[in-house]
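One-letter residues, chain by chain:
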Amino acid sequence: MTLTASDLADLTLWRRHLHAMPEVSGEEHETAAEVVRFLETTEPDVIVTGLGGTGVAAVFSGHAPGPTVMFRAELDGLPIAEISDLPYRSQIAGKGHMCGHDGHMATLGALALAFRRRRPARGRVVLLFQPAEENGAGAAAVLADAKFKPLTPDFSFALHNMPGIALGRSWIKDGPANCASSGLMIRLTGKTAHASMPETGISPAPAIATLIPAFAALAKGTLDDGDLTLATVTHVTIGEAAFGIAPGDGEIWVTLRTVSDDQMAALKEKAERMAREAAEAHGLGVTFRYHDEFGHCRNDAEAAAMIRRAIAAEELPFEDGKAFRASEDFGRFGTVSKSAMFFLGSGENHPALHNPDYDFPDALIEIGARIFLRIAEDLLG
Ligand SMILES: [Zn+2]
Ligand SMILES: [Zn+2]
């Protein structure tokens, strides 16, 4: 299955069109509509919309029974204003495709063009355009959606473009690939007072002052040893911006990070216990809320071996990669299928992901598509 020069020219234009119209997690309505418009021209057997919110899937079925192989891209951009002179820079104020998800969508677009010409011999391919990856909600929402049940894959694959690695070079790793992380919002409630009589109120300040270094001190371990633990304080508020009021409440936000889901459960328990003890010691009420929860992302050995084989068969450069501290919600698909993802280099000196001048290198569309198509051919003929 090969892509023509005119396919690649069309896909580059489409990638740039998507780049100019970023939408943030959970709000990808125009992007999803644009994906559906594109997919309709490739004549899949089924298009499913509204998956886990705005998600879209296209199904290309073979004639004989066989496994379901899913490839995943993400629909969402970021609330980051793009700094760029590119002719196709973001047209939406304060929002940008600064993680390269526009390029991941174009890569799956390439697969749709290829399967339009030739269906897999057996089984079926599902191309999933998932919403809300950046806040960790999307994959879980897709999996919880009854419309996804009939599409449940046997194998799932994804790639992420990665600056710092040579352009077009792949990194693949067995086992843990990305960390689990959870945003813990701790709310402490006391009692306001006149600033002249703070002793008549209950301020959250002393508790927060002890918790900030206590959370920092939880940091330990390394990724390579599989025991990395981080509790990073990202935001703190105390009372109101006023001089006349002694504060009566406050919040401390902590991002918890571990290599595995089990370690995350233990770290959550520990962080909550520390906050409860600090609250009790100072006579405060305490409540907890979690946001941006990502499960660990772990590559199945069999699925990772398929990626390696496909890259080798395409005679593309690759090496054994390292795990990343950052989180990736693709790992959730590992709960229902043999799943693996790999990283595709965007260039050693390319701006980092989430930088305001990030732009997905168009050359990766073809490379990513060739690897995915080879995997599909190996599994489905
Ligand atoms: Zn991102
Ligand atoms: Zn991303």
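Everything numeric here is computed off the predicted structure, so don't read it as measured data.

J.: Explain the overall build of the protein chain here, please?
T.: Counting its secondary structure elements, the protein chain contains eight helices and 16 strands. For a compact globule of 381 residues, the expected C-alpha radius of gyration is about 21 Å, and the protein chain comes in at 23 Å, within 12% of that figure. By its C-alpha atoms, the protein chain is 75 × 40 × 40 Å across when sized along the principal axes. Within the protein chain, buried positions represent 52% of all 381 residues. When the accessible surface of the protein chain is totalled, it reaches about 15,900 Å², and 54% of it is carbon and sulfur.

J.: Got a minute to help me understand the nonpolar core in this structure?
T.: Soluble globular proteins: nonpolar side chains tend toward being buried together. With 55 residues, the main nonpolar core has Phe-71, Leu-127, Phe-129, Phe-157, Phe-342, Phe-372 and Ile-375 as its most contacted residues. Ranked by residue count, the leading element in this core is helix H8 (residues 363-380), at 11 residues. Apart from the residues lying within four places of it in its own chain, the contact partners of Phe-342 are Ala-158, Leu-159, His-160, Ser-170, Trp-171, Ile-172, Ile-307, Ile-311, Ile-371 and Phe-372.

J.: Please explain the coordination of the zinc ion (ligand 1) as it appears in this structure.
T.: For a metal bound by four donors in a tetrahedral arrangement, the ideal donor-metal-donor angle is 109.5 degrees, while six donors in an octahedral arrangement ideally sit at 90 or 180 degrees. Around the zinc ion (ligand 1), the protein contributes the donor atoms Cys-99 (SG), Glu-134 (OE), Glu-134 (OE) and His-354 (NE2), which lie 2.0 to 2.6 Å from the metal centre. Around the zinc ion (ligand 1) sit four donor atoms, and with donor-metal-donor angles ranging over 55 to 151 degrees the site reads as irregular. Read in sequence order, the donor residues for the zinc ion (ligand 1) give the motif C-x34-E-x219-H. Between the zinc ion (ligand 1) and the zinc ion (ligand 2), the interatomic distance is 3.2 Å, and Cys-99 donates to each metal, bridging them.

J.: Any chance you could explain the coordination of the zinc ion (ligand 2) here in plain terms?
T.: Coordination of the zinc ion (ligand 2) by the protein involves Cys-99 (SG), His-101 (NE2) and His-160 (NE2), with metal-donor separations of 2.1 to 2.3 Å. In primary sequence terms, the donor set of the zinc ion (ligand 2) follows C-x1-H-x58-H. Overall, the relative accessible area of 4% leaves His-160 in the buried class.

J.: Which parts of the structure should I look at to understand the sheet that holds strand S13 (residues 285-294)?
T.: In a beta sheet, neighbouring strands are held together by backbone hydrogen bonds and run either parallel or antiparallel to one another. Taking strand neighbours across the sheet as the criterion, the four strands line up as S10-S12-S8-S13 in an open arrangement whose pairing is antiparallel. Every interior strand has two partners, whereas the edge strands, strand S10 (229-238) and S13, have only one. When strand polarity is set aside, the average angle formed by the axes of neighbouring strands in this sheet is 20 degrees. Pairing geometry for S10 and strand S12 (residues 249-258), over nine bridges, is antiparallel. Looking across to S12, one finds that Thr-237 is bridged to Glu-251.

J.: Just to check I follow, could you spell out the pattern of salt bridges for this structure?
T.: A side chain of one charge can pair with a side chain of the opposite charge when the charged atoms of the two come close. Tallied over the entire structure, the rule returns 22 salt bridges. As a salt-bridge pair, Asp-362 and Arg-15 come within 2.8 Å of each other at their nearest N and O atoms. Taken together, the residues span a long stretch of sequence, with Asp-362 in the loop between strand S16 (338-345) and H8 and Arg-15 in helix H1 (residues 5-19) at a distance of 347 residues. Assessed through its relative accessible area of 18%, Asp-362 is described here as buried. Exposure remark for Arg-15: the relative accessible area of 0% places this residue in the buried category. For Lys-268, the salt bridge is made with Glu-293, and the minimal N-O distance between the two is 2.6 Å. Here the residue Lys-268 occupies a position in helix H6 (residues 261-281), and Glu-293 occupies one in strand S13, the gap between them amounting to 25 residues.

J.: What is the right way to read the domain arrangement of the protein chain from this model?
T.: The accessible area lost on association of the parts is a frequent measure of interface size. For the protein chain, the assigned domains are domain 1 (5-178 + 296-380) and domain 2 (180-294). Here the C-alpha centre of domain 2 lies 36 Å away from the C-alpha centre of domain 1. Every contact between the two is made by 16 residues of domain 1 and, on the other side, 12 residues of domain 2. Together, His-296, Arg-325 and Ser-327 form the three largest contributors to the area buried by domain 1 at its contact with domain 2, with a combined 52%. In this assembly, domain 1 and domain 2 are joined by zero salt bridges. The interface formed by domain 1 and domain 2 holds five residue pairs in polar contact (both at pLDDT 80 or more) in total. Partitioned by chemical class, the residues of the side of domain 1 that touches domain 2 number four nonpolar, five polar and seven charged.

J.: Looking at this structure, how should I read the packing of helix H2 (residues 29-40) against helix H3 (residues 101-117)?
T.: Working note: a packed helix pair is described by the angle between its axes plus the distance between those axes. With their axes 10 Å apart at the nearest point, H2 and H3 run at an angle of 20 degrees to one another. For the element pair H2 / H3, the angle class is roughly parallel. As for the relative orientation of H2 and H3, their crossing is right-handed in sense. Two secondary-structure elements touch here, H2 through Thr-31, Val-35, Phe-38 and Leu-39 and H3 through Met-105, Gly-109, Ala-112 and Leu-113.

J.: What is the right way to read the pairing of S16 from this model?
T.: If a strand is regular, its side chains alternate between the two faces of the sheet. In terms of residue burial, S16 counts as a mostly covered element, since seven of its eight residues are buried. In this sheet, S16 lies alongside strand S5 (residues 155-162) in parallel orientation, the contact comprising eight bridges. Its bridge partner lying in S16, Met-162 is registered against Gly-345.

J.: Help me understand the environment of Ile-238 in this model?
T.: Here Ile-238 is to be found in strand S10. Sequence spacing of Ile-238 and Ala-205 is 33 residues, and the spatial spacing of their C-alpha atoms is 6.7 Å.

J.: I keep staring at H2 and nothing clicks. Help me out?
T.: Each α-helix winds once per 3.6 residues, and so residues spaced three or four apart point in a common direction. The first and last C-alpha atoms of H2 sit 17 Å apart over 12 residues, in line with the 16 Å expected at 1.5 Å per residue. Within H2, the full set of buried residues consists of Thr-31, Ala-32, Glu-34, Val-35, Val-36, Phe-38 and Leu-39. The elements touched by buried residues of H2 are H1, strand S1 (46-51), strand S2 (55-61), H3 and strand S4 (122-130).

Cut-offs and rules
- Residues numbered from 1 in each chain as written.
- Chains lettered and ligands numbered in written order.
- Predicted model: local features only at pLDDT ≥ 70, side-chain atom pairs only at ≥ 80, totals over all residues.
- Heavy atoms only, no water.
- Helix = DSSP H or I, 4+ residues; strand = E, 2+ residues; numbered from the N terminus.
- Rg over C-alpha atoms; globule rule 2.2 N^0.38 Å.
- Buried < 20%, exposed > 50% of the residue type's maximum accessible area, 1.4 Å probe, protein only.
- Areas by Shrake-Rupley, 256 points an atom, 1.4 Å probe, with all protein chains shown as cover.
- Core = buried A, V, L, I, M, F, W, Y, C linked by side-chain atoms within 4.5 Å.
- Contact = heavy atoms within 4.5 Å.
- Donors = N, O, S within 2.8 Å, 3.2 Å for Na, K, Ca; no water.
- Tetrahedral: all angles 85-135°; square planar, octahedral: opposite > 155°, others 65-115°.
- Pairing = 2+ DSSP bridges.
- Axes fitted to C-alpha atoms, helices over the stretch in contact; angles between N-to-C directions.
- Salt bridge = Lys/Arg side-chain N within 4 Å of Asp/Glu carboxyl O.
- Domains from an automatic or database assignment.
- Buried area = accessible area lost by both parts, 1.4 Å probe.
- Polar contact = N/O pair within 3.5 Å; in protein donor to acceptor, adjacent residues only side chain to side chain.
- Nonpolar A, V, L, I, M, F, W, Y, C, P; charged D, E, K, R; others polar.
- Parallel < 35°, antiparallel > 145°, perpendicular 65-115°, else oblique.
- Left-handed = near helix turned anticlockwise from the far one by under 90°.
- Expected span 1.5 Å × (residues − 1).

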